[in-house]
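Examination of the molecular architecture
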Amino acid sequence: MKYDKDVGKNWHLRFRLIIQELKEELELTQLQLVIAERKLKKYEDNNTRTSRNGKDNNIIKLSRRISKRWD
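The present account deals with the structure reproduced in this document.

Rules behind the numbers
Along each chain, the written sequence defines residue order, and numbers are assigned to residues from 1. Only residues with pLDDT of at least 70 are given local features in this predicted model, and only at 80 or more are side-chain atom pairs given and counted; all residues enter the totals for whole chains, interfaces and linings. For side-chain calculations, the full set of non-hydrogen atoms in the structure is used, while hydrogens and water are omitted. Helix numbers and strand numbers start at the N terminus; a helix is a DSSP run of H or I with at least 4 residues, a strand a run of E with at least 2. Note on classification: 1.4 Å probe, protein chains only; a residue is buried when its accessible area is under 20% of the maximum for its type, exposed when over 50%, partly exposed between these limits. The accessible surface values rely on the Shrake-Rupley method and a 1.4 Å probe; as for residues, cover is taken only from the protein chains in view. Classification of ring pairs uses Phe, Tyr and Trp, with its six-membered ring standing for Trp, and accepts pairs whose centres are within 6.5 Å; under 30 degrees between planes counts as stacked, over 60 as edge-to-face, and the remaining range as tilted.

**As for the overall build of the protein chain**
Of the regular secondary structure elements, the protein chain holds 2 helices and 0 strands. The proportion of buried residues among the 71 residues of the protein chain is 4%. Carbon and sulfur atoms provide 55% of the accessible area of the protein chain, an area that totals close to 7700 Å².

Here you go:
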């Protein structure tokens, strides 16, 4: 604790300062989360929609033909 010598024996003030630091850290973390969610949404939008030529980008291309015997 860095408030041991600064505040002295005033434990109430020490706890208020610690709570204030934690609230500031929480706000920063929440902002970072919002930014990360926006980036993820943008990434998903760019990589899941159809391309400009009208073809679907989300199809799986098989390496060989599927035999009709197995149907």
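**Thoughts on the packing of aromatic side chains**
Given two aromatic rings, their pairing is described by the distance between the two centres and the angle made by the two planes. For the structure shown, the criterion picks out 1 aromatic pair. Aromatic side chains Trp11 and Phe15 sit 6.0 Å apart centroid to centroid with 70° between the ring planes, which places their arrangement in the edge-to-face category. Taken together, the residues Trp11 and Phe15, both in helix α2 (residues 11–48) and 4 residues apart, mark about one turn of the helix. With relative accessibility at 55%, the residue Trp11 sits in the exposed group.

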